[in-house]
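Here are the chains, one letter per residue:
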Amino acid sequence: MTYNVKNLPIAIIGAGPVGLSAAVNLIDMGLTPIVFESGSSVGSNLAKWGHVRMFSPWSYNMDPIAISLLKKTDWIEPVLSEFPTGQELLERYVIPLASHEAITPHLHLNTRVENVSRQYHDILRNEGRKNAPFVVRTSNSEGQSDILVQAVIDASGTYQTPNWLGAHGIPALGELAASQSIIYGVPDILGPARKQYAGRTVLVVGGGHSAFNALQDLVKLSEQSDGMRVLWGIRGSSVNNIVRSPENDELQERRRLEMHIQKLLDEGKIEVFTNIAIESINYENGKLILQNRSGQLPPVDQIIAATGFRPDLDVMSELRTSLDSATQSPAALGPLIDPNLHTCGSVPEHGATELSHPESGLYIVGIKSYGRAPTFLLRTGYKQVKSVASALAGKTESDVQTANACDLLSVNRNCSQ
Ligand SMILES: Cc1cc2nc3c(=O)[nH]c(=O)nc-3n(C[C@H](O)[C@H](O)[C@H](O)COP(=O)(O)OP(=O)(O)OC[C@H]3O[C@@H](n4cnc5c(N)ncnc54)[C@H](O)[C@@H]3O)c2cc1C
């Protein structure tokens, strides 16, 4: 069959806030998206941490181009200076955007992208590669399909692939067997997960704002439920630096959370364990025993692993990607965001050029583009997809707007979400 590859749609993997923004930007450039979302509704990763109040206000969390589109409907714009929860972002922005008549025809829910490759090419084959369409292998309740597209924007996030508790980057010995007592991410402790934690000894592992959220809720629960102990394990050697945001921080919600955790520590409501490096987890008499580098931790009932996330790279394994070996973000972006190298705030702008790969037409965007670096903000993602859509529309580099990561990281400079 002969066809012009340029007439094929552009695949977007994931209908989170950044994937939907990519769709709006492509449509704005006269291009046709096809959006695959594995969940039964849009923003399904967001829904998993819907109870968490975001530390960036509405003005940071919505894409200006999407706002223009929504303003043409009966959408009620949120107050830009207020701070939504994840659920509010979903209900008041992500769902209305996905329900817009410009987007719905392109959206395929309950459809997981399993693999992406290039038609008639495995990763080794050069000949004709550049002009071959991409093959997107999807699966849904009707089975598997191969869909041809001209380009691929991977906005599939990282929430489904959390980091392990184990000290070496791999599961601690016994971690998989203990999985029924471990929650990765930020459980809704004061909501549906309350029963799991009430009256128990709970260990939170991780040093960022997700850990702060879990600790805040556990302490609140302990005030309503007898016999609880709230333990906090961090990799660092002290908890001296909890309030890191400046007084005039634009992200006031983040500072509020930091100050609250400091207060709880001062009041002795959280038991802190520093220099945590978990080697093994075992059950003994119905309790979890964690072997740490420097000895055993007290026995616990439940663990919350707020240890961050990593990108799932399997889906791209037949494509020629170029990834930074430390951050696992696109190679040119890696050194700009690597927390080993940077104090945040010194990161130059980035866009389609930094997000590209040897496989032309492939872009990883959104939080997945940051790989293991923990500093991503939605506002960066919206600028990324604007730049990528412009590049796919054939605009020259000088036309392409880039994401000003410097600006954004300076407001998120603790590198700790
Ligand atoms: C607890 C928490 C608080 C945060 N707070 C803030 C904040 O205050 N401010 C801020 O700017 N950022 C914040 N972030 C970071 C970031 O902005 C969010 O994670 C945001 O959801 C990232 O958007 P995304 O579209 O890149 O990815 P996601 O929202 O994760 O969306 C990815 C989508 O892809 C789908 N998907 C995954 N795999 C596949 C597949 N194979 N096929 C098809 N679909 C697939 C998923 O179901 C999901 O809907 C926070 C993150 C967390 C976890």
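Cut-off values and rules
Residues numbered from 1 in each chain as written. Predicted model: local features only at pLDDT ≥ 70, side-chain atom pairs only at ≥ 80, totals over all residues. Heavy atoms only, no water. Helix = DSSP H or I, 4+ residues; strand = E, 2+ residues; numbered from the N terminus. Buried < 20%, exposed > 50% of the residue type's maximum accessible area, 1.4 Å probe, protein only. Contact = heavy atoms within 4.5 Å. Areas by Shrake-Rupley, 256 points an atom, 1.4 Å probe, with all protein chains shown as cover. Lys, Arg positive; Asp, Glu negative; His and termini not counted. Charge placed at Lys NZ, Arg CZ, Asp CG, Glu CD. Near = heavy atom within 4 Å. Polar contact = N/O pair within 3.5 Å; in protein donor to acceptor, adjacent residues only side chain to side chain. Nonpolar A, V, L, I, M, F, W, Y, C, P; charged D, E, K, R; others polar. Pairing = 2+ DSSP bridges. Core = buried A, V, L, I, M, F, W, Y, C linked by side-chain atoms within 4.5 Å. Phe/Tyr/Trp six-rings, centres within 6.5 Å; stacked < 30°, edge-to-face > 60°. Lys NZ or Arg CZ within 6 Å of the ring centre and 35° of its normal. Domains from an automatic or database assignment. Buried area = accessible area lost by both parts, 1.4 Å probe. Salt bridge = Lys/Arg side-chain N within 4 Å of Asp/Glu carboxyl O. pLDDT = per-residue confidence, 0-100.

### Observations concerning the overall build of the chain
Logical step 1: Along the backbone of the chain there are 12 helices and 16 strands.
Logical step 2: Each of the three principal axes of the chain carries a C-alpha extent, and together these read 70 × 45 × 40 Å.
Logical step 3: Looking at the chain as a whole, 53% of its 417 residues qualify as buried.
Logical step 4: Here the contacts in the chain between residues at least 6 apart in sequence split such that 69% fall between residues at least 24 apart.
Logical step 5: Surface summary for the chain: the accessible area is close to 18,400 Å², and the carbon and sulfur share equals 49%.
Logical step 6: Taking the 35 positively charged and 42 negatively charged side chains of the chain as two groups, their mean positions are separated by 1 Å.

### Remarks on the site of the ligand
Logical step 1: Around the ligand, the structure places 29 residues, and the nearest of them are E37, N45, F55, S56 and L378.
Logical step 2: At 3.5 Å from an oxygen atom of the ligand is found a main-chain nitrogen or oxygen belonging to P17.
Logical step 3: Contact distances for the ligand include 2.6 Å between a nitrogen atom and a side-chain N or O atom of S56.
Logical step 4: Coverage of the ligand by the protein chains reaches 96% of its 1,000 Å² of free accessible surface.
Logical step 5: Going through the elements one at a time, α1 (17–28), α2 (44–48) and β4 (112–118) are the ones with two or more residues in the shell around the ligand.
Logical step 6: Taken together, the residues of the shell around the ligand break down into 15 nonpolar, 12 polar and 2 charged.

### Points about the sheet that holds strand β14 (residues 295–296)
Logical step 1: Strand order in this open sheet of 3 strands is β12-β13-β14, and the pairing throughout is antiparallel. A strand with exactly one partner marks an edge of an open sheet, and here the two such strands are β12 (278–284) and β14.
Logical step 2: Taken together, the 2 bridges between strand β13 (residues 287–292) and β14 define a ladder with antiparallel strand orientation. Bridge pairing links Q291 to Q296 in β14.

### Considering the nonpolar core
Logical step 1: Y93, I153, V365 and L392 are the most contacted members of the largest nonpolar core, which totals 49 residues.
Logical step 2: For this core, the elements supplying multiple residues, two or more each, are β1 (10–13), α1, α4 (64–71), α5 (86–98), β7 (151–154), α9 (334–337), α10 (352–355) and α11 (378–392).
Logical step 3: Excluding residues within four positions of it along the chain, I153 makes contact with I10, A11, I12, I13, A22, L26, Y363, V365, V388 and L392.
Logical step 4: Of all hydrophobic cores here, the second largest spans 24 residues; its members include F212, A214, I242 and I270.

### Considerations on the pairing of strand β6 (residues 143–149)
Logical step 1: As paired elements, strand β5 (residues 134–140) and β6 share 7 bridges and run antiparallel to each other. Looking at β6, one finds that T138 is bridged to S145.
Logical step 2: Linking β5 back to β6 in an antiparallel pair, the connection comprises 2 residues.

### Brief notes about the pairing of β12
Logical step 1: Bridge analysis of β12 against β13 gives 6 bridges, and the strand direction is antiparallel. Each residue of the ladder has a partner; that of I281, found in β13, is L290.

### Considering unusual backbone geometry
Logical step 1: The backbone of N110 sits at a positive phi, close to 55°, despite the residue not being glycine.
Logical step 2: Looking at the element boundaries, N110 is found in the loop between β3 (107–108) and β4.
Logical step 3: The backbone of Y120 sits at a positive phi, close to 60°, despite the residue not being glycine.
Logical step 4: Note on placement: Y120 falls in the loop between β4 and β5.

### Topic: the packing of aromatic side chains
Logical step 1: Per the stated rule, a full pass over the model turns up 4 aromatic pairs.
Logical step 2: Plain terms: the ring middles of W164 and Y184 are 6.3 Å apart, the flat faces sit at 90° to each other, and that makes the pair edge-to-face. Note that W164 is positioned in the loop between β7 and β8 (182–184) and Y184 in strand β8, a separation of 20 residues in sequence.
Logical step 3: Under the relative-accessibility criterion, Y184 is labelled partly exposed at 22%.
Logical step 4: Ring centres 5.8 Å apart and planes at 85° place the aromatic pair F212 and W232 in the edge-to-face group. Of this pair, F212 sits in helix α7 (residues 209–224) while W232 sits in strand β10 (residues 229–233), and the two are 20 residues apart along the sequence.
Logical step 5: Over the face of the ring belonging to F134 we find R118, whose NZ or CZ atom lies 4.0 Å from the ring centre.
Logical step 6: Above the ring of Y60, the side-chain terminus of R379 is found at 4.1 Å from the ring centroid.

### Concerning the environment of Y370
Logical step 1: Considering the arrangement of structural elements, one finds Y370 in the loop between β16 (362–364) and α11.
Logical step 2: Through-space distance from the C-alpha of Y370 to that of G334 is 7.5 Å; in sequence the pair is 36 residues apart.

### Here we look at the domain arrangement of the chain
How big an interface is tends to be stated in terms of the accessible area lost upon association of its parts.
Logical step 1: For the chain, the assigned domains read domain 1 (5–160 + 309–411) and domain 2 (179–305).
Logical step 2: For domain 1 and domain 2, the distance between their C-alpha centres works out to 31 Å.
Logical step 3: Contacts between the two partners involve 13 residues from domain 1, matched on the other side by 13 residues from domain 2.
Logical step 4: Carbon and sulfur atoms make up 62% of the area that domain 1 and domain 2 hide from each other, which totals about 1,100 Å².
Logical step 5: Inspection of the region where domain 1 meets domain 2 yields 0 salt bridges.
Logical step 6: At the boundary of domain 1 and domain 2, one finds 3 residue pairs in polar contact (both at pLDDT 80 or more).

### Quick notes on the confidence of the model for the chain
Logical step 1: The pLDDT averaged across the chain works out to 92; a share of 93% of its residues lies at or above 70.
Logical step 2: Across residues 404–417, confidence stays below pLDDT 50; counting only partners more than four residues off in sequence or on other chains, it has 55 contacts.

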